[in-house]
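# Commentary on secondary and tertiary structure
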Amino acid sequence: QVQLVESGGGLVQAGGSLRLSCAASGRTFSDYAMGWFRQAPGKEREFVASITWNGRSTNYADSVKGRFTISRDNAKNTVFLQMNSLKPEDTAVYYCAAAPTTFSKYNYWGQGTQVTVSS
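So, here is what we can say about the structure in this document. The shown structure was predicted, so the numbers you read here are calculated from the model rather than taken from an experiment. (Residues numbered from 1 in each chain as written. Predicted model: local features only at pLDDT ≥ 70, side-chain atom pairs only at ≥ 80, totals over all residues. Heavy atoms only, no water.)

## Examining the overall build of the protein
We count it as follows: Going along the chain from the N terminus, every DSSP run of H or I of four or more residues is numbered as a helix, and every run of E of two or more is numbered as a strand. A radius of gyration in this sense is built from C-alpha atoms; the matching globule rule multiplies 2.2 Å by the number of residues raised to 0.38.
Within the protein, the regular secondary structure consists of 0 helices and 11 strands. For the protein, the sequential pattern of α-helices and β-strands runs β-β-β-β-β-β-β-β-β-β-β. For the protein, the C-alpha radius of gyration of 13 Å lies close to 14 Å, the compact-globule estimate for 119 residues. With the principal axes as the frame, the protein shows a C-alpha extent of 40 × 25 × 25 Å.

Spelled out as structure tokens, the structure:
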């Protein structure tokens, strides 16, 4: 089992920045690829970004490329999502998730953290 706890969400004006963190506990963090997803009101959950177990490869949704950066610190069992140039359409609950690889099903999820971007 892997337990995931997100933090760092909040209210920010358009153009601002936030840094989300996801702390993992349980099984060995470096065994897992990590991803960030988000779900806006009335919409389905969507992929935001992913990172391999060693941090060497990342992938982003087109909507966040050039604005968001995913990173991880395996020594601290934490994955981050740096979000810059935020837009109102980035408003959502953000979830981190763990999977055996970035191509696998994500089978561990956090509870989510709310990000609200005002115009």
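## Considering the packing of aromatic side chains
Rules: Here a pair means two rings of Phe, Tyr or Trp (six-membered ring of Trp) with centres within 6.5 Å. Their orientation is stacked below 30 degrees between planes, edge-to-face above 60, and tilted elsewhere. When the NZ atom of lysine or the CZ atom of arginine is within 6 Å of a ring's centre and also within 35 degrees of its normal, the charge is said to sit over that ring.
Counted by the stated rule, this structure contains 5 aromatic pairs. Taken together, the aromatic side chains of Phe37, Phe47, Tyr106 and Trp109 make up a single cluster linked through ring pairs. For the cation-ring pair, arginine 45 lies above tyrosine 95, with the distance from its terminal atom to the ring centre recorded as 5.7 Å.

## Some remarks on unusual backbone geometry
Put simply, the test is: Using a 1.4 Å probe on the protein chains alone, a residue whose accessible area is under 20% of its type maximum counts as buried, one over 50% counts as exposed, and one in between counts as partly exposed.
A positive phi angle is found at asparagine 77, which is not glycine, with a value near 55°. Mapped onto the elements of the fold, asparagine 77 is located in the loop between strand E7 (68–73) and strand E8 (78–83). Overall, the relative accessible area of 31% leaves asparagine 77 in the partly exposed class.

## Focus on the state of the cysteines
Applicable threshold: In this description, a disulfide is simply a cysteine sulfur pair whose atoms lie within 2.5 Å.
Taken as a whole and judged by the stated rule, the model has 1 disulfide. The disulfide bridge from cysteine 22 ends at cysteine 96, spanning 1.9 Å between sulfur atoms. Taking the sign of the torsion about the S-S bond as the criterion, the disulfide between cysteine 22 and cysteine 96, at about 45°, is right-handed. On the criterion of sequence distance, the pair formed by cysteine 22 in strand E3 (residues 18–26) and cysteine 96 in strand E9 (residues 92–99) is long-range, its members being 74 residues apart.

## Examining the sheet that holds E8
Selection criterion: For two strands to be treated as a pair, DSSP must find at least two bridges joining them. To get an axis, a line is fitted to the C-alpha atoms, and for a helix only the part in contact is used. The angle between two axes follows their N-to-C directions and goes from 0 to 180 degrees.
On the basis of which strands lie adjacent, the open sheet formed by 4 strands has the order E1-E3-E8-E7 and antiparallel pairing. Two strands in the sheet have a free side with no partner beyond their single neighbour: strand E1 (2–7) and E7. Adjacent strand axes in the sheet meet at a mean angle of 15°, parallel and antiparallel pairs treated alike. The sheet contact formed by E3 and E8 spans 6 bridges and is antiparallel. Note that in E8 the partner of leucine 18 across the bridge is methionine 83.

## Comments concerning the environment of glutamine 114
Quick note on the threshold: Throughout, a contact is declared for two residues whenever any of their heavy atoms are within 4.5 Å. Within 3.5 Å is the distance limit for a polar contact, defined as a pair of N or O atoms, with the added protein rule that one can donate a hydrogen and the other accept it, and that residues adjacent in sequence qualify only through two side-chain atoms.
You can see glutamine 114 is positioned in strand E11 (residues 113–118). Among the residues examined, glutamine 114 registers a relative accessible area of 39% and is labelled partly exposed. Sequence spacing of glutamine 114 and serine 7 is 107 residues, and the spatial spacing of their C-alpha atoms is 8.9 Å. Non-local contacts of glutamine 114, meaning those with residues more than four positions away in its chain, are made with Gly9, Gly10, Thr91, Ala92 and Val93. Within polar-contact distance, the side chain of glutamine 114 engages the backbone oxygen of alanine 92 at 3.4 Å.

Spatial relationships are all this shows, so hold off on functional conclusions.
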